[in-house]
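# What the coordinates show
So you can see what is in the structure, the chains are spelled out below.
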Amino acid sequence: MDTVEHVRERLLARFPGAEVTVVPNGSPAGQHSLLISAAHALEIARYLRDEPGLAYDQCSNVTGIDWRDREVIDIVKDSQPGAPGGPPVVVERKVKRIEPGYLEVVYHLYSLARREGPVVLRLRTGNRSTAVSVPSLTPVWRSCEFQEREVFDLFGVVFTGHPDLRRILMWDGYQDHPMRKDYVEPDDYEWEPTPHGDVLTKAKRHYPAPTAPGMTNDE
Amino acid sequence: MFDANPAASPSARVRKVEPSSFGFQPSSVPPPAGGGGDLLEISLGPHHPSTHGVFRMNVVLDGETVVRLKPVFGYLHRNHEKLGEGTSYLGSMPYTDRLDYLNSMTNNWAYAIAVEKLAGLTVPERAEYVRVILAELTRLLNHTCLAGFLMQDCGCSGTPLMYAFRERERILDLFESLSGSRMMCNYQRFGGCRVDPTPAWLAAVAQLVDRYGPFLDEFEELLTGNEIIMARTQGVGRLPAALAVNAGVTGPMLRASGVGHDLRKVDGYGVYPRLNFRVPVGDHGDVYDRYMVRVLEMRESISLLRQALAALPGGPVLDPKAKQRGLRPKAGEAYGRIEGPKGEIGFYLVSDGTANPYRYRVRPPSFVNLTVLEDLCLGHTVADAVIILGSIDIVLGEVDR
């Protein structure tokens, strides 16, 4: 059984300059993953597929995850001069900072030849708006072709080197990326004879007053 | 090894597309290199009975030969995965029924396995056997229907499909009496199953299993050695093993290409390691082999059902300690997969410690299997493209999600 540490060592031995980090998984599944830098992604993928000792010949699952900006509170310890002659006093101070979000692409690799797997690869974009490119792994595994198109369509990750990067589930003229966490669904209001809950709040936006037939604005 | 140079893949030939005179995409067909006749661009589907749902293929024809084919998805898209993020873990279970609506039992199982991995739950032994019984019944149902649909696509109108549906109905009756619903079973739970099957139900399964072998004999006598079907399907849509592996093709389609890869053997989930069965493998990877592998798999399923029924232990079918409604797994992720009738159906879940999954991803086998559709159809006629699509065995509820 290949462990991620074992795979990581082999990758680092082969590509000394590459950044390969183990991302721990806190769930009982315990399937840790490898975060690889975009610069070396394609050659690492090729090596994983072609090296006989690894032979990860099947890329089973490709998907994206949207990680939003996070507010992180760091505790900073400052030492201040204490009472005259005494030791300095350590004062803790909370500092808020915004950790920028990113989009992540996750690949689940299996080896049919060696009956091994999965090795989980992760690629991260620089941020969620301007630097959203990662290299496409379709040249290495054809199974990524439609799945990467889907990640492009629903998350907005741009795969450089993909042979046919178009929307796949949404229509071609569509603008947004629905699987983003900050996606706002369109206000496709339809009148309902028995409005309730969300429908009623929506209806109030559309019919401020007086109400449409069958509706009350009493609430 | 398949040379996966993007320039060599058929997709590389379709780059930027522009609206054609027909008003649909893709267009801008380069004229064939050696002169040749005019190319005709047609849209096959989405409302076409042979596309098994609302699936469209934009086909470019040279005479009657397919020179390019682009599948168009999304007519049934409802963003299943976003719905999964908006509801609790248990709340997604009935939604999984709607993915591949022929095989709700295996969809449920794959999702349950993913959540059980994520939350570290165990499954009672009786439930594992019940799951095997239901999964193999589902496999029988799916493969029988597929054979019927495929024959319908070949032009054997009616008879094989009606025979298949007659048997399907018997299995659906069993599902209904167990779970309350024919197709949307919503039966599996995290750490077991929802209802304990009664002895009468198990006897009905045993009766069905005993009848299924003779039915298959009859079905095969009608189809397998049929000269017309052999002429129609042999050598059509060949899928080389190297391409199948590289393109992530799974299930009977991969095995028809000669790769003996079955997750029931490879992962050994559930109680499959204790049961004795063989994995049928094809030689040529053509449409006929895909049909044949499925028929042989049904024979193995019958044997698996007999073994599971004989070995079914007593005890509970649901771990009482497993939380269902208030499940809040620790932050982390898990990927659970099983061998569904159509291939590897997997669920990838990311938890952030709350009651809803942070990310809920379905790995749909028929969507990934469609990757090679163009490779299979190039050089064949339109009528062959229809049966190649039929042999891939897609369900649009799962492809479009």
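Remember, it's a predicted structure, so these values are computed and weren't measured experimentally.

Right, let's get into the interface of chain A and chain B. On the chain B side, the residues contacting the 35 residues of chain A number 45 residues. Among the secondary structure elements, those contributing two or more residues to the side of chain A that touches chain B are β3 (58-67) and α3 (144-155) of chain A. For the side of chain A that touches chain B, the leading source of residues is β3(A), giving six residues. Partitioning the side of chain A that touches chain B into residue classes produces 17 nonpolar, 12 polar and six charged.

Residue and element names in this part refer to chain B. Strand order in the open sheet formed by three strands is β1-β2-β3, with antiparallel pairing between adjacent strands. Strand pairing shows two members of the sheet lacking a second neighbour, β1 (39-44) and β3 (65-72), which therefore form its edges. Pairwise comparison of adjacent strand axes, ignoring direction, gives a mean angle of 20° for this sheet. Pairing of strand β2 (residues 56-62) with β3 involves seven bridges; the strand directions are antiparallel. Bridge assignment links D62 to a residue of β3, and that residue is T65.

All names here are of chain B. Counting 151 residues, the largest nonpolar core has A114, V115, I133, L349 and I388 as the members making the most contacts within it. Broken down by element, the residue count for this core peaks at 17 residues, all from helix α4 (residues 125-154). Apart from the residues within four sequence positions on either side, A114 is in contact with A334, Y335, G336, F347 and L349.

All names here are of chain A. For helix α2 (residues 41-50), the complete set of buried residues consists of A41, I44, A45, L48 and R49. Projected onto a plane normal to the axis of α2, the buried residues spread over an arc of 135° and lie on a single side. Looking at the buried side of α2, the elements it contacts are α1 (4-14), β2 (33-36), β6 (102-111), β7 (116-124) and β8 (133-135).

Okay, the pairing of strand β5 (residues 89-99) of chain A next. Consecutive residues of a regular strand have side chains that alternate between opposite faces of the sheet. All names here are of chain A. For β5, the tally of buried residues reaches only zero of 11 residues, placing the bulk of the element at the surface. For strand β4 (residues 70-80) and β5, the ladder comprises 11 bridges, and the chain directions are antiparallel. Bridge pairing in β5 places Q80 opposite V89.

Now for the sheet that holds strand β8 (residues 359-363) of chain B. Adjacent strands of a sheet pair through backbone hydrogen bonds, lying either parallel or antiparallel. Residues and elements named next belong to chain B. One open sheet holds the three strands; their spatial order is β6-β7-β8, and the pairing between them is antiparallel. Two strands lie at the open edges of the sheet, namely β6 (332-340) and β8, each paired on one side alone. Averaged over all pairs of adjacent strands, the angle between strand axes in this sheet comes to 10°, irrespective of strand direction. Two elements, strand β7 (residues 343-351) and β8, share five bridges in a ladder whose sense is antiparallel. The partner of L349 across the bridge, within β8, is Y360. Sheet strands in contact with helix α3 (residues 104-119) are β6 and β7, and its direction is about 150° off that of β6.

Definitions and cut-offs
- Residues numbered from 1 in each chain as written.
- Chains lettered and ligands numbered in written order.
- Predicted model: local features only at pLDDT ≥ 70, side-chain atom pairs only at ≥ 80, totals over all residues.
- Contact = placed C-beta atoms within 7 Å.
- Helix = DSSP H or I, 4+ residues; strand = E, 2+ residues; numbered from the N terminus.
- Nonpolar A, V, L, I, M, F, W, Y, C, P; charged D, E, K, R; others polar.
- Pairing = 2+ DSSP bridges.
- Axes fitted to C-alpha atoms, helices over the stretch in contact; angles between N-to-C directions.
- Core = buried A, V, L, I, M, F, W, Y, C linked by C-beta atoms within 7 Å.
- Buried ≥ 20, exposed ≤ 12 C-beta atoms within 10 Å, placed from the backbone.
- Arc of directions from axis to C-beta.

Interpretation note: all reported values are geometric properties and have no functional meaning in isolation.
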